[in-house]
Amino acid sequence: MSELFPRKHVLGFIFSLILTAVALAVYFFNMSFVVGMTILLVTAFVQAAVQLVVFMHAGETSDKGSIYTNIYYGFAIALCTIFGTLLILIWDM
């Protein structure tokens, strides 16, 4: 019976709703910029992880090591692009 009910997906959906509500609370409560951005960044990365693991089934196949390696590689490339852009355009180096 438990195999017929998608318990993992329902819990992932509820957790996504909670993360969205926390991110929405930043808008409604008068928070400083640093606190608000910290909350938004943390909830965004946790939300992305929930989406990858629960809904995109990133860890359910036999090649999950290569999938996670590609995710880490993409994350590293994104960070290099962001900080390289900041370095060139904002910090005048």
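My aim in this report is to walk through the structure given alongside it, one point at a time.

It is worth spelling out the overall build of the chain at this point. When helices and strands are counted, the chain shows three helices and zero strands. In sequence order, the chain lays out its α and β elements as α-α-α. Taking 2.2 N^0.38 as the reference for a compact globule, 93 residues should give roughly 12 Å; the C-alpha atoms of the chain span a radius of gyration of 18 Å, well beyond that estimate. In the chain, buried positions account for 11% of the 93 residues. Of the contacts made within the chain by residues no fewer than 6 positions apart, 54% connect residues no fewer than 24 positions apart. Summing over all exposed atoms, the chain offers an accessible surface of approximately 7600 Å²; the carbon and sulfur share of this is 76%.

To locate leftover empty space, one rolls a probe as large as a water molecule over the atoms. Considered as a void within the structure, the largest pocket measures approximately 210 Å³ in volume. Around the largest pocket, the lining residues are Phe45, Ala48, Ala49, Leu52, Tyr68, Ile71, Tyr72 and Phe75. Within the residue set of the lining of the largest pocket, elements represented by two or more residues are helix 2 (33-55) and helix 3 (64-90). Taken together, the residues of the lining of the largest pocket break down into eight nonpolar, no polar and no charged.

Attention shifts here to helix 1 (residues 7-28). A rise of 1.5 Å per residue sets the reference length of helix 1, with its 22 residues, at 32 Å; its end C-alpha atoms lie 32 Å apart and thus fit the reference within 8%. Taken as a whole, helix 1 has its buried residues at Gly12, Ser16, Leu19 and Val26. Looking straight down helix 1, one finds its buried side chains confined to an arc of 65°; they lie on one side. For helix 1, the exposed residues lying more than 90 degrees away from the buried face are Arg7 and Phe28. Those residues of helix 1 that are buried lie in contact with helix 2.

What follows is about the environment of Gln47. Structurally, the position occupied by Gln47 is in helix 2. In this structure, Gln47 is in contact with Ser16, Leu19 and Thr20, ignoring residues within four places of it in sequence.

On to the environment of Ile88. Structurally, Ile88 can be placed in helix 3. Taking the C-alpha atoms as reference, Ile88 lies 30 Å from Gln47; in sequence the two are 41 residues apart.

Moving on, we come to helix 3. The first and last C-alpha atoms of helix 3 sit 38 Å apart over 27 residues, in line with the 39 Å expected at 1.5 Å per residue. Phi turns positive one or two residues past the end of helix 3, at Asp92, with a value near 50°.

Scoring rules and cut-offs
Residue numbers here run from 1 along each chain, matching the order of that chain's written sequence. Per-residue local features are limited, in this predicted model, to residues with pLDDT of at least 70; the limit for side-chain atom pairs, both in listing and counting, is 80 or more; totals at the level of whole chains, interfaces and linings are taken over all residues. Note: side-chain values were computed over all heavy atoms of the structure, leaving out hydrogens and water. Helix and strand assignments follow DSSP, with helices taken as H or I runs no shorter than four residues and strands as E runs no shorter than two, numbered in order from the N terminus. The globule rule used for comparison is 2.2 Å times the number of residues to the exponent 0.38, while the radius of gyration itself is calculated over C-alpha atoms. Throughout, exposure labels follow a simple rule: accessible area from a 1.4 Å probe, protein chains only, divided by the maximum for the residue type, with under 20% read as buried, over 50% as exposed, and the rest as partly exposed. Whether two residues are in contact is decided by their heavy atoms: any pair within 4.5 Å suffices. Accessible areas in this description were obtained via Shrake-Rupley with a 1.4 Å probe; residue shielding takes into account the shown protein chains only. Buried and open spaces are told apart on a 1 Å grid over the protein atoms alone, a cavity being a set of points where a 1.4 Å probe fits but cannot get out and a pocket being an open set with protein on both sides within 12 Å along at least five of seven lines. Residues with an atom within 4 Å of a point are the lining residues. Grid points are joined across faces, edges and corners, and a volume is the space filled by probe spheres set on the points. Think of it as three bins: nonpolar holds Ala, Val, Leu, Ile, Met, Phe, Trp, Tyr, Cys and Pro, charged holds Asp, Glu, Lys and Arg, and polar takes everything else, Gly as well. Each helix should span, by expectation, one fewer than its residue count multiplied by 1.5 Å. This arc is built from the directions going out from the helix axis to the C-beta atoms.

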